[in-house]
Amino acid sequence: MGAGVAKKTGGGSRRRRRSRAQPMAEINVTPFVDVMLVLLIIFMVAAPLLTVGVPVELPKTSANPLPGEQEAPLTVTISADGSVAIQTTPTPMDQLVPKLRAIAAERSSDRVFLRADGALPYEIVVQIMGALNAGGFSDIGLVTDIGGPALDAPAN
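Attention here is on the structure that accompanies the text. Since the structure is predicted, the reported quantities are computational estimates derived from the model, not experimental observations.

The rules behind the values
Residues numbered from 1 in each chain as written. Predicted model: local features only at pLDDT ≥ 70, side-chain atom pairs only at ≥ 80, totals over all residues. Heavy atoms only, no water. Salt bridge = Lys/Arg side-chain N within 4 Å of Asp/Glu carboxyl O. Helix = DSSP H or I, 4+ residues; strand = E, 2+ residues; numbered from the N terminus. Buried < 20%, exposed > 50% of the residue type's maximum accessible area, 1.4 Å probe, protein only. Polar contact = N/O pair within 3.5 Å; in protein donor to acceptor, adjacent residues only side chain to side chain. Axes fitted to C-alpha atoms, helices over the stretch in contact; angles between N-to-C directions. Parallel < 35°, antiparallel > 145°, perpendicular 65-115°, else oblique. Left-handed = near helix turned anticlockwise from the far one by under 90°. Contact = heavy atoms within 4.5 Å. Pairing = 2+ DSSP bridges.

Here's the deal with the pattern of salt bridges
Oppositely charged side chains are able to pair whenever their charged atoms sit close together.
Now for step 1: Taken as a whole and assessed by the stated rule, the structure comprises one salt bridge.
Now for step 2: Two residues, Arg 111 and Asp 139, come together in a salt bridge whose shortest N-O distance is 3.2 Å. Of this pair, Arg 111 sits in strand 7 (residues 111-116) while Asp 139 is found in strand 8 (residues 139-143), placing the two residues 28 residues apart along the sequence.
Now for step 3: Given a relative accessible area of 14%, Arg 111 falls into the buried group.

This is the structure in structure tokens:
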């Protein structure tokens, strides 16, 4: 695909002998560059689509992050309109506790991360925390964004 043929020049002899053409030792990299550019464009378009989750506006805090664990964390999300999703699957409120019990029976860890929109009333968040506890999850971590106010900082 990338090899060419160099013509043999020279020799002013009267007799013409049939000479073999010598192969070129240069590689044509143009097709390789074309393929790499196409792959680059594909990955640039596909990368933003790989973010998974339900979009919520998390409250900001200055708390330290929770340590990681071996098992993939279970995430429950409450969006601004009050709808609940387990991982990315929307779940009606009346089916939340039975689904959580079924999930808790299959998991070795009782840790769950709760993502709640910052505009939600505290009452809704506490009700979902009660449902998580009733479903078998007692280790509940509240997910927040970093950059919130530090309440122990000295005032000016």
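Additional details are given in the paragraphs that follow.
Topic: the side chain of Thr 91
Now for step 1: Checked against the element boundaries, Thr 91 lands in strand 6 (residues 89-91).
Now for step 2: Of the polar contacts made by the side chain of Thr 91, one reaches the backbone oxygen of Thr 89; its length is 3.2 Å.

Side note on the packing of helix 2 (residues 96-106) against helix 3 (residues 122-134)
Now for step 1: At a minimum axis separation of 8 Å, helix 2 and helix 3 run at an interaxial angle of 40°. On the basis of their axis angle, the class for helix 2 and helix 3 is oblique. The handedness of the crossing between helix 2 and helix 3 comes out as right-handed. Contact residues: helix 2 offers Leu 96, Val 97, Leu 100 and Arg 101, while helix 3 offers Ile 128, Ala 131, Leu 132 and Ala 134.

Describing the sheet that holds strand 7
Now for step 1: Strand order in the open sheet formed by five strands is 6-5-4-7-8, with mixed pairing between adjacent strands. Of all strands in the sheet, those bounded by a partner on one side alone are strand 6 and strand 8. Each adjacent strand pair in this sheet contributes to an overall mean axis angle of 30°, direction not counted.
Now for step 2: Where strand 5 (residues 84-86) meets strand 6, three bridges bridge the pair, whose relative direction is antiparallel.

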